[in-house]
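# Descriptive analysis of the structure
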Amino acid sequence: MINSLNEPTTVHWHGLEVPGEMDGGPHQVIEPNNSWEPYFTIDQPAATLWYHPHLLHKTGEQVYKGLAGLIYIEDEVSNELDIPKEYGVNDIPLIIQDKRFTDSGKIPYDLSMRDLMNGFLGDTILINGAIKPNLDVKKEIVRFRLLNGSNARSYEFSFSNNTKFYQIASDGGFLEESIKMDSIFLTPAERAEILIDFSNLDVGDTVNLRAGNYELMTINIAENGYETIEIPKDLVQIDQYDRDNVVRSRSFIMSGMGPMVSINGKQMNMDRIDETLNIGELEEWIIRNESSGMGMMNATPHPFHVHGVQFQIIERNGKNPPLNERGWKDTVMVDNGEEVRILAKFRKKGLFMYHCHILEHEDSGMMGQFLVE
Ligand SMILES: [Cu+2]
């Protein structure tokens, strides 16, 4: 990684299970005109991951200005699944980010008090850097890999004409079964792979991808497809963690507002290790959002991200998580007043971060460090 910027940066592999010193967190600073040569072995299932900077107090600005992209992991399982795989043709990445443009087309990152409270919310939503693009597809099943790469905005994605789709993967890989959906909600940093069947439409038809009522992209059924495949029901086998095997439980309470956001009453300190845990032990993390506890009206949901691991959600507010949250996850939305329980087994040693993925909250200090040894 060569840093040609005139400021320091880092490159974090979001969702990858790699040793702490290869993670690209706030400790792996690349100074201007310097380089960083991380090396690691990929040993996790096929997934759609991403990379972005993780410089202390500067992540929001650097991601906002454009330092982000997708990483695909493929394996025997993904190669053998009967799903679309042709990049850019029927296997299409969709990175969604919101911006605020000036009249001259610049995107200054100037935070108001409101931005510090809610996170930076743009007024224009981009897909792969384009405003309301058109996409030509064939009359066939198409796979979209969605990344909410926004600093703070969450989206409820759906398609026009009440078009249904099937979610086949979450943050860290394929779900056990495809799940029929009307819409999907993604908070910042969350990913989803979906399949949508255009084979029942006619050439010349259009379908819109929406976020709420906002039309994001027009999909044109431009030509006939070549082959008909069925959307598979069964996808992969996931070894479900057993709660009886939990060695240790920890609580993470997210609270505070704006510049005062904290986890367990603490703000990020590079010189303080907040949690120490043992490699290979199954842990239960109980994550609560108590930001609204002060009676604030506009408290926000906090997407909680853990580095160096893919985890399983076992409970959302005392209930089983929804079907599409039963696969591998590295980021979980925790709404106001919610409690989410996850099970995680850490397989790599080193120092890692956990934090809110609203980047203005992270930059304000809503982050902590854990050491796996
Ligand atoms: Cu937050």
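Everything below is about the structure printed above this text.
What comes next is a walk through the structure. This structure is a prediction, so every number in the text was calculated from the model and none was measured.

### Structural notes on the overall build of the protein chain
Scanning the protein chain from terminus to terminus reveals 4 helices and 25 strands. Computed over the C-alpha atoms, the radius of gyration of the protein chain is 20 Å, within 12% of the 21 Å expected from 2.2 N^0.38 for a compact globule of 373 residues. Principal axes of the C-alpha set define a box for the protein chain whose edges measure 60 × 55 × 45 Å. Taking all 373 residues of the protein chain together, 55% fall into the buried category.

### Focus: the coordination of the copper ion
Distances from the copper ion to its protein donors, His-302 (ND1), Cys-356 (SG) and His-361 (ND1), fall at 2.0 Å. Mapped onto the sequence, the donors of the copper ion take the spacing H-x53-C-x4-H. In terms of burial, Cys-356 and His-361 fall into one category: buried.

### What to know about unusual backbone geometry
If you check the backbone angles, Asn-128 has positive phi at about 45 degrees while not being a glycine. Within the secondary structure, Asn-128 sits in the loop between strand E5 (124-127) and strand E6 (130-131). Residue Asn-128 is classed as partly exposed on the basis of its relative accessible area, which comes to 45%. Despite not being glycine, Asn-162 shows a phi value in the positive range, around 55 degrees. Within the fold, Asn-162 resides in the loop between strand E9 (155-159) and strand E10 (165-170).

### A look at the packing of aromatic side chains
Evaluation of the coordinates by the stated rule reveals 20 aromatic pairs. Between the aromatic rings of Tyr-72 and Tyr-87, the centroid separation amounts to 6.3 Å while the plane-to-plane angle is 70 degrees, which identifies the pairing as edge-to-face. A residue pair is termed long-range when its members are at least 10 positions apart, and Tyr-72 in strand E3 (residues 69-73) and Tyr-87 in the loop between helix H2 (76-80) and strand E4 (91-99) qualify at 15 residues. Taking relative accessible area as the criterion, Tyr-87 reaches 60% and is therefore assigned exposed. Between Tyr-241 and Trp-328 the ring centres are 5.7 Å apart and the planes differ by 75 degrees, which places this aromatic pair in the edge-to-face class. Here Tyr-241 is found in the loop between strand E15 (214-224) and strand E16 (248-255), whereas its partner Trp-328 is found in the loop between strand E21 (312-316) and strand E22 (331-334), with 87 residues between them in sequence. The structure contains a cluster of three or more aromatic residues connected by ring pairs, namely Phe-252, Trp-285, Phe-304, Phe-346, Phe-352, Tyr-354 and Phe-370. The ring of Phe-120 has Arg-100 sitting right over it, with the charged end atom 4.0 Å from the ring centre. For the cation-ring pair, Arg-145 lies above Tyr-72, with the distance from its terminal atom to the ring centre recorded as 3.6 Å.

### Concerning the environment of Ile-229
Within the element layout of this structure, Ile-229 appears in the loop between E15 and E16. A relative accessible area of 21% places Ile-229 in the partly exposed class. With 146 residues separating them along the chain, Ile-229 and Ile-83 place their C-alpha atoms 7.9 Å apart. In this structure, Ile-229 is in contact with Asp-82, Ile-83, Pro-84 and Ile-141, ignoring residues within four places of it in sequence.

### Digging into the environment of Asp-91
For Asp-91, the location among the structural elements is in strand E4. Dropping the residues within four chain positions of it, Asp-91 is found in contact with Tyr-72, Pro-84, Lys-85, Glu-86, Arg-143 and Arg-145.

### With respect to the environment of Asp-271
You can see Asp-271 is positioned in the loop between strand E17 (262-263) and strand E18 (275-277). With relative accessibility at 77%, the residue Asp-271 sits in the exposed group. Each C-alpha atom of the pair Asp-271 and Ser-154 lies 32 Å from the other, and the pair is 117 residues apart in sequence.

### With respect to the side chain of Asp-98
Residue position: Asp-98 is located in strand E4. Overall, Asp-98 belongs to the buried group, its relative accessible area being 2%.

The rules we used
Residues numbered from 1 in each chain as written. Predicted model: local features only at pLDDT ≥ 70, side-chain atom pairs only at ≥ 80, totals over all residues. Heavy atoms only, no water. Helix = DSSP H or I, 4+ residues; strand = E, 2+ residues; numbered from the N terminus. Rg over C-alpha atoms; globule rule 2.2 N^0.38 Å. Buried < 20%, exposed > 50% of the residue type's maximum accessible area, 1.4 Å probe, protein only. Donors = N, O, S within 2.8 Å, 3.2 Å for Na, K, Ca; no water. Phe/Tyr/Trp six-rings, centres within 6.5 Å; stacked < 30°, edge-to-face > 60°. Lys NZ or Arg CZ within 6 Å of the ring centre and 35° of its normal. Contact = heavy atoms within 4.5 Å.

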